[in-house]
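Structural overview for review
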Amino acid sequence: MNLVLLGPPGAGKGTQAMRLSKAFSLRHMSSGDVLRAERKGGTELGDRVAEYMDSGKLVPDEIIVEVILAQLKDPGDAAGFLLDGFPRTKGQAESLDKAMEAAGCQIDLALSLKVPDNEIIDRITGRRICPGCDAVYHIKTLPPARDGVCDKDGITLIQREDDSEEVVMKRLAAYYAQTEPLEAYYRRKELLGVSDGTKSVDDVFTDLVGMVRERLGNAVS
Ligand code: AP5
Ligand code: MG
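Described in the following lines is the structure provided in the data block. (Residues numbered from 1 in each chain as written. Chains lettered and ligands numbered in written order. Predicted model: local features only at pLDDT ≥ 70, side-chain atom pairs only at ≥ 80, totals over all residues. Heavy atoms only, no water.)

**Side note on the sheet that holds strand β4 (residues 109-114)**
One key point about sheets: their strands pair by backbone hydrogen bonds, in either a parallel or an antiparallel sense. Spatial strand order, β2-β3-β1-β4-β7: five strands in an open sheet with parallel pairing. Only two strands of the sheet have a single neighbouring strand rather than two, namely β2 (27-30) and β7 (192-196). This sheet shows a mean twist of 20° between the axes of neighbouring strands, independent of strand direction. As judged from the four bridges shared by β2 and strand β3 (residues 81-84), these two strands associate in the parallel manner. Across the sheet, Arg-27 pairs through a bridge with Phe-81, a residue of β3. (Pairing = 2+ DSSP bridges. Helix = DSSP H or I, 4+ residues; strand = E, 2+ residues; numbered from the N terminus. Axes fitted to C-alpha atoms, helices over the stretch in contact; angles between N-to-C directions.)

Pasting the structure below:
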């Protein structure tokens with residue numbers, strides 16, 4: 001089973017992807033995490049994408065499609081993959097469909113998390129991440145046990161470079177212009193599931209699991 005997670009910045013894609021991938025033994029692939037790892041590693045690709053990411057713009061399709069599709073070729077032991085943050089444009093969705101078709105598989109469900117802009121800003125500006133294990137916290141809604149320190153490995157938490165209010169406004173504009181239209185793309189294919197992302201993390205997860213199970217015809221327990 002192959003899933004796509006759609007939603008604006010801060011909608012909870014990463015939070016839910018971690019849980020869903022565990023629940024259904026899927027390989028979680030976050031395009032944002034892939035790009036941030038390239039930057040951290042100081043690669044040529046990392047240098048090429050830095051300016052786009054820091055200014056809240058999407059990385060051009062010709063760069064991101066190649067990077068993500070190359071990674072999808074190796075599914076490992078997983079029962080499928082869960083794409084978090086890809087596709088984000090119609091061109092990316094079409095390239096993904098072509099690659100799936102060539103590999104004899106398909107996208108089974110696209111899950112879209114809906115959260116209004118005012119809540120997005122609170123979530124993004126309050127988010128803290130662990131640079132060691134990528135765990136995600138929120139200063140108000142999901143604080144670590146010890147202020148500013150990761151519960152899992154004790155490393156000092158940081159803010160993502162693109163998590164300022166100014167850049168979030170640009171990321172939101174990119175979402176509405178380029179990514180939200182993908183809801184219609186997947187709805188036409190009868191693959192769209194929409195979830196109220198303002199609910200608690202547990203309740204959103206329950207809704208998403210319900211949609212995945214329905215799609216699977218209760219084949220997965
Ligand atoms: P990316 O890293 O994908 O960022 P994003 O889409 O903007 O999404 P975020 O990771 O910010 O949010 P999220 O939905 O994962 O939320 P999270 O679970 O962390 O992309 C970054 C950049 O890379 C892009 O701007 C672009 O430049 C480039 N890029 C990436 N993919 C690309 C592509 N395909 N094409 C072109 N460019 C691409 O949650 C956020 C916060 O909210 C956390 O603090 C969390 O604790 C909290 N929270 C989560 N759920 C809830 C809840 N239910 N209730 C309350 N709080 C919650
Ligand atoms: Mg994320």
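**Comments concerning the side chain of Arg-171**
One can find Arg-171 in helix α7 (residues 165-179). Since its relative accessible area comes to 11%, Arg-171 is described here as buried. A polar contact of 2.6 Å, which involves the side chain of Arg-171, links it to the backbone oxygen of Asp-162. The residues contacting Arg-171, other than those within four sequence positions of it, are Pro-9, Gly-56, Ile-124, Arg-127, Arg-160, Asp-162 and Asp-163. (Buried < 20%, exposed > 50% of the residue type's maximum accessible area, 1.4 Å probe, protein only. Polar contact = N/O pair within 3.5 Å; in protein donor to acceptor, adjacent residues only side chain to side chain. Contact = heavy atoms within 4.5 Å.)

**Considerations on the packing of aromatic side chains**
The geometry of an aromatic ring pair is captured by the separation of the ring centres together with the interplanar angle, meaning the angle of the planes. As enumerated under the stated definition, the model contains two aromatic pairs in all. Pairing Tyr-175 with Tyr-176 gives two aromatic rings, centres 5.2 Å apart and planes at 70°, and the pair type is edge-to-face. (Phe/Tyr/Trp six-rings, centres within 6.5 Å; stacked < 30°, edge-to-face > 60°.)

**Examining the site of ligand 1**
Near ligand 1 there are 36 residues, and of these Thr-15, Ser-31, Arg-88, Arg-127 and Arg-171 occur at the shortest range. One of the side-chain N or O atoms of Arg-127 is found 2.6 Å from an oxygen atom in ligand 1. For ligand 1, the accessible surface in isolation is 1,100 Å², of which the surrounding protein chains cover 96%. Those elements giving two or more residues to the shell around ligand 1 turn out to be α1 (13-23), α2 (31-40), α6 (117-126) and β6 (136-138). Ranked by residues supplied to the shell around ligand 1, first place goes to α2 with four residues. (Near = heavy atom within 4 Å. Areas by Shrake-Rupley, 256 points an atom, 1.4 Å probe, with all protein chains shown as cover.)

**A word on the nonpolar core**
In terms of nonpolar packing, the biggest core is built from 28 residues, with Val-4, Ile-68, Leu-72, Leu-83, Leu-96 and Tyr-186 touching the most fellow members. Broken down by element, the residue count for this core peaks at seven residues, all from helix α4 (residues 61-72). Discounting residues that sit within four places of it in the chain, Val-4 has contacts with Leu-83, Phe-86, Pro-87, Leu-96, Ile-107, Leu-109, Ala-110, Leu-111 and Tyr-186. Core analysis: the next-biggest nonpolar cluster, separate from the first, contains 24 residues, Ala-17, Leu-111, Ile-124 and Val-209 among them. (Core = buried A, V, L, I, M, F, W, Y, C linked by side-chain atoms within 4.5 Å.)

**As for the pattern of salt bridges**
Within this structure, the stated rule accounts for 14 salt bridges. Between Arg-39 and Asp-54 there is a salt bridge whose closest N-O contact spans 2.9 Å. Pair noted here: Arg-39 is in helix α2 and Asp-54 is in helix α3 (residues 44-54), with a separation of 15 residues, a long-range link. Residue Asp-54 is classed as partly exposed on the basis of its relative accessible area of 30%. (Salt bridge = Lys/Arg side-chain N within 4 Å of Asp/Glu carboxyl O.)

**Topic: helix α5 (residues 90-103)**
In an α-helix there are 3.6 residues to a turn, and that puts residues three or four apart on one side. Taking 1.5 Å of rise per residue, the 14 residues of α5 would be expected to cover 20 Å, and the 20 Å separating its terminal C-alpha atoms lies within 8% of that figure. Of all the positions in α5, only Gln-92, Ala-93, Leu-96, Asp-97 and Met-100 are classed as buried. Along the long axis of α5, the arc covered by the buried residues comes to 135°, so they all point the same way. Turned more than 90 degrees from where α5 packs its buried face, Lys-98, Glu-101 and Ala-102 sit exposed. Looking at the buried side of α5, the elements it contacts are β1 (3-6), α4, β3 and α8 (182-188). Just downstream of α5, Gly-104 is the residue with a positive phi angle, here 75°. (Expected span 1.5 Å × (residues − 1). Arc of directions from axis to C-beta.)

**Things to note about unusual backbone geometry**
Here the bond from Phe-86 into Pro-87 is cis, since omega is 0°, no more than 30 degrees from zero. Looking at where Pro-87 falls in the secondary structure, it is placed in the loop between β3 and α5. You will see that Ser-25, though not glycine, has its phi angle at about 50°, which is positive. For Ser-25, the position within the fold is in the loop between α1 and β2. A residue is classified by how much of its surface remains accessible, and Ser-25, at 46% relative accessible area, is partly exposed.

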